[in-house]
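Residue-level listing of the chains:
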Number of protein chains: 2
Amino acid sequence: MWWGRVGAMTEQPALTPAAERVLEVVEKLFYDNGIHAVGVDMIAAEAGVTKKTLYDRFGSKDAIVRLYLERRDVRWRAHVTGVVEQSGRFGPRRRVLLMFDALESWMAAENPRGCAFVNALAELPDPDHPARPAIAGEKQWVLDYLRQLVRDTGARNPRKLAASLFMLFEGATVAASLDVVAGAVAGARDAARQLLDAAL
Amino acid sequence: MWWGRVGAMTEQPALTPAAERVLEVVEKLFYDNGIHAVGVDMIAAEAGVTKKTLYDRFGSKDAIVRLYLERRDVRWRAHVTGVVEQSGRFGPRRRVLLMFDALESWMAAENPRGCAFVNALAELPDPDHPARPAIAGEKQWVLDYLRQLVRDTGARNPRKLAASLFMLFEGATVAASLDVVAGAVAGARDAARQLLDAAL
DNA sequence: CGGCAAGTAAACCGACCGGTATATCTACTC
DNA sequence: GAGTAGATATACCGGTCGGTTTACTTGCCG
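Naming follows an unreviewed UniProt entry, where chain A appears as TetR/AcrR family transcriptional regulator of Prauserella halophila.

Printed below as a string of structure tokens:
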């Protein structure tokens, strides 16, 4: 299984139960409502934790935002690799297209409001915000993963093809969350197949 | 010149000078900082207007947000149609690809932080927010415009092709703002050309 | 047994949130 | 010249923002 530069992500190992609860509730609160719209008082109340504990564990709201994105990224990568590397041993061409199947199930299950990282970027214009590396890291991982899968197919110009597939991928996420195109992800997969076959 | 369902947008005709100043400054404030991050006091101060005047003219911050997006949409459509329908009379295939040239110049000039409508959607989870129609309207217009251009080429399955181009379009916007792919929009245009030529 | 980390409860900080109040001034129009 | 629309200035509303503080309790571990 190819995990890419997952080593760039440092997950602190032992979280206290209260801290764990905080990170569990912010996943839903931040994704559903946006980051600015959720105050620390709401987080503390929803997690059944006092603000004192919250600040003792994390130090700042920004740190919680960073952890929120890092943990979502871990779940996302596990989902994608789980689908792509699933039981049956598929050929490299099929595995590229499985990326879009992974996206489709992710959208239905966890992503109805679009990409959490794109949404977070919209709310965090500061280039020095501690959560920025998590945002850039997720996108870079998807691109790198696509590049690897494309390279395995032996396609011509794999970097350029991977970039095109990446854009179809991100565009399908936007289109699906906006509900403006029916069957957006399936359509993106069909387009990806065309581009892929033309490069083989 | 084909303007699509622009009639759906009602622009009140006579704005007072103070109101005009408000809408001018929020364009930059909202896009650069996000919507929640900009308070009405900041808007009033930046426009050189009192909060009283602001509320007399617009009634609520949400109404200002709606107008912000509607006015940006007007500028965006004018930019796109201006590029696509420019002086030289191009063929339908070329005009489809000009959409991506329009996007490229727009990104450089006005859109470094990504699509204002996607960003706004990230901050406005309420389906009943008064700005929601402006967001849906912009995306629908782009899709409809692409459909019309594709139809003119005589391509097979124009609706499906337009949907694929739409996703490349949105994905290129995301990729360009994230700066993760070099030459994102140009790459998307190349992929669009491939899909288009395969359907002719 | 002593110490410490983790937790609760609740008040407090200055600043800002969206929105409203009263009162005054100016400029244009019937 | 009276009326009115648009603007000004300024103070205020209750509530929330991110963040801090003090005081006390709990449970584990050496």
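Undergrad: So what about the protein's contact with DNA strand D? Which residues, and what values?
TA: Close to DNA strand D lie 18 residues; Val40, Lys51 and Lys61 of chain A together with Thr53 and Arg57 of chain B are nearest. The protein-proximal atoms of DNA strand D, defined as those within 4 Å of the protein, are 53% sugar or phosphate. One nitrogen or oxygen atom from the main chain of alanine 18 of chain B is found 2.9 Å from a phosphate oxygen belonging to DNA strand D. Here threonine 53 of chain B contributes a side-chain N or O atom positioned 3.3 Å from a phosphate oxygen of DNA strand D. If you list the elements that add at least two residues to the surface near DNA strand D, you get α2 (40–47) and α3 (51–58) of chain A together with α1 (17–33) and α3 (51–58) of chain B. Residues that form the surface near DNA strand D fall into these classes: six nonpolar, six polar and six charged.

Undergrad: Describe in detail the packing of aromatic side chains, supporting the description with residues and values.
TA: Scanning the entire structure with this criterion turns up 10 aromatic pairs over all chains. For the pair phenylalanine 100 of chain B and phenylalanine 169 of chain B, a centre-to-centre distance of 5.5 Å together with 70° between the ring planes defines the contact as edge-to-face. Of this pair, phenylalanine 100 of chain B sits in helix α5 (residues 92–110) while phenylalanine 169 of chain B sits in helix α8 (residues 158–178), and the two are 69 residues apart along the sequence. The structure contains a cluster of three or more aromatic residues connected by ring pairs, namely Trp76, Phe100, Trp106 and Phe169 of chain A. Geometry around phenylalanine 90 of chain A places arginine 94 of chain A over its ring, the cationic atom sitting 4.3 Å from the centre. For arginine 72 of chain B, the ring lying beneath its charged end belongs to tyrosine 31 of chain B, and the centroid distance is 4.2 Å.

Undergrad: With reference to specific residues and values, describe the side chain of threonine 153 of chain A.
TA: Residues and elements named next belong to chain A. Structurally, threonine 153 is set in helix α7 (residues 132–153). Classification of threonine 153 as buried rests on a relative accessible area of 15%. Among the polar contacts made by the side chain of threonine 153, one reaches the main-chain carbonyl oxygen of valine 150 at a distance of 2.5 Å. Setting aside chain neighbours within four positions, we find threonine 153 in contact with Pro92, Arg93, Val96, Leu196 and Leu200.

Undergrad: Explain the protein's contact with DNA strand C residue by residue, including any values.
TA: Near DNA strand C you find 18 residues, and of these Thr53 and Arg57 of chain A together with Val40, Lys51 and Lys61 of chain B are the closest. For DNA strand C, the fraction of protein-proximal atoms (within 4 Å) that sit in sugar or phosphate groups is 57%. Within the contact set of DNA strand C, a phosphate oxygen lies 3.0 Å away from a backbone nitrogen or oxygen of alanine 18 of chain A. Split into classes, the residues belonging to the surface near DNA strand C amount to six nonpolar, six polar and six charged.

Undergrad: Which residues make up the pattern of salt bridges, and what values do they have?
TA: Evaluated as defined, the whole model comprises 38 salt bridges over all chains. Salt-bridge contacts for lysine 139 of chain A lead to glutamate 170 of chain A; the nearest nitrogen and oxygen are separated by 3.1 Å. You can see lysine 139 of chain A sitting in helix α7 and its partner glutamate 170 of chain A sitting in helix α8 (residues 158–178), a full 31 residues away along the chain. Summarising the burial analysis for this pair, lysine 139 of chain A and glutamate 170 of chain A share the class buried. Salt-bridge contacts for glutamate 85 of chain B lead to arginine 95 of chain B; the nearest nitrogen and oxygen are separated by 3.3 Å. Taken together, the residues span a long stretch of sequence, with glutamate 85 of chain B in the loop between α4 (61–84) and α5 and arginine 95 of chain B in helix α5 at a distance of 10 residues. Overlapping salt bridges bring together Glu27, Arg72, Arg75 and Glu110 of chain A as one network.

Undergrad: Give a description of the state of the cysteines that names residues and reports values.
TA: Counted according to the given criterion, the structure contains zero disulfides over all chains. We note that cysteine 115 of chain A lacks a disulfide partner, and the nearest cysteine sulfur, in cysteine 115 of chain B, lies 14 Å from it. On the basis of relative accessible area, cysteine 115 of chain B is assigned to the buried category, the value being 10%.

Undergrad: An account of the UniProt feature "DNA-binding region" (unreviewed entry) in chain A is needed here, citing residue identities and associated values.
TA: Following the UniProt record, the feature "DNA-binding region" (unreviewed entry) maps to residues 39–58 of chain A here. For the annotated span residues 39–58 of chain A, helix accounts for 80% and strand for 0% of the residues, and the straight-line distance between the end C-alpha atoms is 15 Å.

Undergrad: Explain the interface of chain A and chain B to me, using residue names and the numbers behind them.
TA: Frequently, the measure chosen for interface size is the accessible area that the parts lose on association. With 39 residues of chain A at the contact, the number on the chain B side is 39 residues. With both chains or domains summed, chain A and chain B bury close to 3100 Å², and 73% of this area falls on carbon and sulfur atoms. Salt-bridge contacts for aspartate 190 of chain B lead to lysine 160 of chain A; the nearest nitrogen and oxygen are separated by 2.6 Å. At the boundary of chain A and chain B, one finds six residue pairs in polar contact (both at pLDDT 80 or more). Among the elements that line the side of chain A that touches chain B, the one with the most residues is α8 of chain A, at 12 residues.

Calculation criteria
- Residues numbered from 1 in each chain as written.
- Chains lettered and ligands numbered in written order.
- Predicted model: local features only at pLDDT ≥ 70, side-chain atom pairs only at ≥ 80, totals over all residues.
- Heavy atoms only, no water.
- Near = heavy atom within 4 Å.
- Polar contact = N/O pair within 3.5 Å; in protein donor to acceptor, adjacent residues only side chain to side chain.
- Helix = DSSP H or I, 4+ residues; strand = E, 2+ residues; numbered from the N terminus.
- Nonpolar A, V, L, I, M, F, W, Y, C, P; charged D, E, K, R; others polar.
- Phe/Tyr/Trp six-rings, centres within 6.5 Å; stacked < 30°, edge-to-face > 60°.
- Lys NZ or Arg CZ within 6 Å of the ring centre and 35° of its normal.
- Buried < 20%, exposed > 50% of the residue type's maximum accessible area, 1.4 Å probe, protein only.
- Contact = heavy atoms within 4.5 Å.
- Salt bridge = Lys/Arg side-chain N within 4 Å of Asp/Glu carboxyl O.
- Disulfide = S-S within 2.5 Å.
- UniProt positions renumbered as here; feature names shortened; annotations may be inferred.
- Buried area = accessible area lost by both parts, 1.4 Å probe.

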